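One-letter residues, chain by chain:
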Amino acid sequence: SNINKDNSMKFETKIGNIEQSEKKTKQKNEECPIINIEINEAVGHGKKEIAAEIRKALETWGGFICEGHGVDGDLRQKIFELSKAFFNLPQEVKDSVHLCKGGAAWRGYMPHGGERSENGKVEDLKEGLYLGEEHPSTHSYVIAQFPTWGKNILPDAELPEFRDVIAKYISA
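The notes below deal with the structure included here. (Residues numbered from 1 in each chain as written. Predicted model: local features only at pLDDT ≥ 70, side-chain atom pairs only at ≥ 80, totals over all residues. Heavy atoms only, no water.)

Here we look at the overall build of the protein chain
Then comes step 1: The helix and strand tally for the protein chain stands at 5 helices and 9 strands.
Then comes step 2: In sequence order, the protein chain lays out its α and β elements as β-β-β-β-α-β-α-α-β-β-β-β-α-α.
Then comes step 3: When contacts within the protein chain are restricted to residue pairs at least 6 apart in sequence, those whose partners lie at least 24 apart make up 44%.
Then comes step 4: Accessible area of the protein chain: about 12200 Å², with a carbon and sulfur share of 52%. (Helix = DSSP H or I, 4+ residues; strand = E, 2+ residues; numbered from the N terminus. Contact = heavy atoms within 4.5 Å. Areas by Shrake-Rupley, 256 points an atom, 1.4 Å probe, with all protein chains shown as cover.)

Dropping the structure here:
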């Protein structure tokens, strides 16, 4: 990609012998887009319109703020506080719930630099905690080791209420 004089970027890709070129404008001093995901067909705000807004925000800005999701503010605050507490834990505690211990469930902590993109050439500059809906160990998909089926791997001793708050947040 190249940055042009008009502060836009030109992305070129080659697919087989077909060249594609797309110009994307870099955002300067603009606020992150806010998208209301609450469907209201009466005013022409359905799934297709919302999807188009999300696509535009991701293509031009790289992200967006989501409104209209219906998640209680107190619950959002609590999950944020506990997430911050998790990432502030000592490294050895976070490593004790490493993603590699989650098996096919793909749950747990991923340290800074633990993932790579661009075919392994670019190191991720983030740490993460992979979570999902919890499933009992007796569930046939868990037994069959279907990807993303299982339990969350969390530091229950250090953050005893985290598991319950995550479950509430996921089901909200």
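Observations regarding the nonpolar core
Then comes step 1: Grouped together as the largest cluster of nonpolar side chains are 16 residues, with contacts concentrated most on F86, L129, L159 and F162.
Then comes step 2: Every element with two or more residues in this core is listed here: helix 2 (73-87) and helix 5 (162-171).
Then comes step 3: Of all the elements, helix 2 adds the most residues to this core, at 4 residues.
Then comes step 4: Residues in contact with F162, not counting those within four places in the same chain, are I79, L82, S83, F86, L129 and L154. (Core = buried A, V, L, I, M, F, W, Y, C linked by side-chain atoms within 4.5 Å. Buried < 20%, exposed > 50% of the residue type's maximum accessible area, 1.4 Å probe, protein only.)

What about the pattern of salt bridges?
Then comes step 1: Enumeration according to the criterion identifies 9 salt bridges in this entry.
Then comes step 2: When the shortest N-O distance is used, the salt bridge between D164 and K168 registers 3.2 Å. Linking D164 with K168, this pair stays in helix 5, spanning 4 residues, or about one helical turn.
Then comes step 3: Since its relative accessible area comes to 42%, D164 is described here as partly exposed.
Then comes step 4: Through salt bridges with shared partners, a single ionic network connects E115, D124 and K126. (Salt bridge = Lys/Arg side-chain N within 4 Å of Asp/Glu carboxyl O.)

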